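Survey of secondary and tertiary structure
Below are the chains, spelled out letter by letter.
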Amino acid sequence: MERDLDPEEFRLYHDLIHRLTGIHYPADKRSLLSNRLRRRLRATGQMQYLAYLAHIQMPSQHVELQDFLDSITTNETYFFRCPRHWELFKEWAKAQVGLPETKRHGLRIWSAASSTGAEAYTILICLEQVLGEAFGGIRVEVLGTDLSQSVLTEARQGIYRPYALSQTPLEIQRRYFKQIDTEHFQIAPRLQPFITFKQHNLMNVLPNRTFDFVFLRNVMIYFDRPSKERVLSNMRSVLRPGGMLLVGESESLLNITHQLTYLHPSLFQEPLPVKAPVRA
Ligand SMILES: C[S@@+](CC[C@H](N)C(=O)[O-])C[C@H]1O[C@@H](n2cnc3c(N)ncnc32)[C@H](O)[C@@H]1O
């Protein structure tokens, strides 16, 4: 297939992607989507965009549907992305030491669009910097989730190319990474028991979980307003009262309906319950 999607084909793909993931492909990204699709058409031997669209919606083609979803997502990530955010996170972590909730259940943190895991491992590195070895005895659990299975496979392996480390201070590179060859670095295996990676679609509520801090960075840029509102409402159902939500630095929640409290640029808090006045 040489040509790009025509406007009607683009509309059909747009609607399917939006229904399944909340991602909104604007019309000026028609060529980008066409390029991404061409790779899947070649891989599956399909000749036509519409034939491939019908193919991935057949119940027997759930594996190809997943490969399709993997191919239409943008997975750019790297360690220590946006240094200001990591300073905010470390301040927050320091303030949790000694709190009764921290003693009771430790720290539960979610990297909610984790891509290949750089953000989730940066969380652990920062916690170790603040809390010390073995996190000062505090139980730490990090969950990394993403829609794309291929990035989750990479996240579990914990092997990164130099680009992912380009913003990582040298002394941290030395301490937390082992160079395998010129192009690959392995994250310290001792961090891996504190992280779980699993697939999750942000359009759904993550069941049976509560978090103290959620990273939701650089994913809402791909969503339209109703999808953003849906994701934020899903976040609220897993944040503990007083829990934090951090969004990407280019992601404004202006004109988006939500009940979170604004604390700093990018940082929001789930409100604490209002205490009833004590009667005399
Ligand atoms: C640009 S990466 C951001 C990675 C990381 N949070 C960061 O800031 O470096 C966006 C990720 O969001 C994921 N994503 C997109 N739509 C999603 C959805 N509906 N549910 C879960 N993950 C989604 C993509 O697969 C991609 O890996």
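Details of the nonpolar core
Looking at soluble globular proteins, one finds that nonpolar side chains tend to be buried together. Membership of the largest hydrophobic core comes to 51 residues, with the highest contact counts inside it found for Val142, Val214, Leu216, Met235 and Leu245. Ranked by residues supplied to this core, first place goes to helix α7 (residues 118–131) with six residues. For Met235, the residues in contact, after removing those within four places along its chain, are Val214, Leu216 and Leu245.

Notes on the environment of Thr168
Structurally, Thr168 is set in the loop between β3 (159–160) and α9 (170–176). Residue contacts for Thr168: discarding those within four places in its chain leaves Phe79, Phe80 and Gln173.

Some points on the site of the ligand
Taken together, 24 residues lie near the ligand, and Thr73, Thr77, Ala113, Ser115 and Asn218 sit nearest. The residue inventory of the shell around the ligand, partitioned by class, reads eight nonpolar, eleven polar and five charged. When residues are assigned to domains, the shell around the ligand turns out to be shared by domain 1 (7–72) and domain 2 (83–269), each giving three or more.

Observations regarding the sheet that holds strand β5 (residues 184–187)
The antiparallel open sheet is built from three strands, whose spatial order is β3-β5-β4. The open sheet has two edge strands, β3 and β4 (177–181), and neither has a second partner. In this structure, β3 lies alongside β5, joined through two bridges in antiparallel fashion. When the bridges of β5 are listed, Tyr160 appears paired with Phe185.

Focus on the sheet that holds strand β1 (residues 107–111)
The sheet built from seven strands is open, its strands ordered β6-β2-β1-β7-β8-β10-β9 with mixed pairing. Every interior strand has two partners, whereas the edge strands, β6 (195–199) and β9 (261–264), have only one. Going from strand to strand, the sheet's axes swing by 20° on average, the running direction of each strand aside. Note: strand β8 (residues 239–247) against strand β10 (residues 267–269), three bridges, orientation antiparallel. If you follow Met244 over to β10, its bridge partner there is Gln269. Along the sheet, helix α8 (residues 149–157) contacts β2 (140–146) and β6; its crossing angle with β6, the most-contacted strand, is approximately 165°.

Here we look at the domain arrangement of the protein
How big an interface is tends to be reported as the loss of accessible area on association of its parts. If you check the domain split of the protein, you get domain 1 (7–72) and domain 2 (83–269). Domain 1 and domain 2 are separated by 29 Å when their C-alpha centres are compared. Listed by partner, the interface residues are seven residues for domain 1 and 13 residues for domain 2. Counting residues per element, the side of domain 1 that touches domain 2 draws most heavily on helix α4 (residues 62–72), which supplies three residues. Of the residues contributing to the side of domain 1 that touches domain 2, the split by class is two nonpolar, four polar and one charged.

Reading the values: the criteria
- Once a new chain begins, its residue numbering starts again from 1 and follows that chain's sequence as written.
- With pLDDT at 70 or above as the cut-off, local features in this predicted model cover only qualifying residues; side-chain atom pairs require 80 or more to be listed or tallied, and sums for whole chains, interfaces and linings still use all residues.
- Buried Ala, Val, Leu, Ile, Met, Phe, Trp, Tyr and Cys residues form a nonpolar core when they are connected through C-beta atoms within 7 Å.
- We call a residue exposed when 12 or fewer other C-beta atoms sit within 10 Å of its C-beta, buried when the count reaches 20 or more, and partly exposed for counts in between; the C-beta positions come from the backbone.
- Starting at the N terminus, helices and strands are each numbered in turn, a helix being any DSSP run of H or I of at least four residues and a strand any DSSP run of E of at least two.
- By definition, residues are in contact whenever their C-beta atoms, placed on the basis of the backbone, come within 7 Å of each other.
- For each residue, a C-beta atom is positioned from the backbone; the residue is called near a molecule or strand if that atom sits within 6 Å of it.
- Residue classes follow a fixed rule: Ala, Val, Leu, Ile, Met, Phe, Trp, Tyr, Cys and Pro count as nonpolar, while Asp, Glu, Lys and Arg count as charged, and any other residue, Gly among them, counts as polar.
- What marks off one domain from the next here is an automatic or database domain assignment.
- Strand pairing is assigned whenever DSSP detects at least two bridges linking the two strands.
- Orientation is described by lines fitted to C-alpha atoms, with helices fitted over the stretch in contact, and by angles between N-to-C directions that extend from 0 to 180 degrees.

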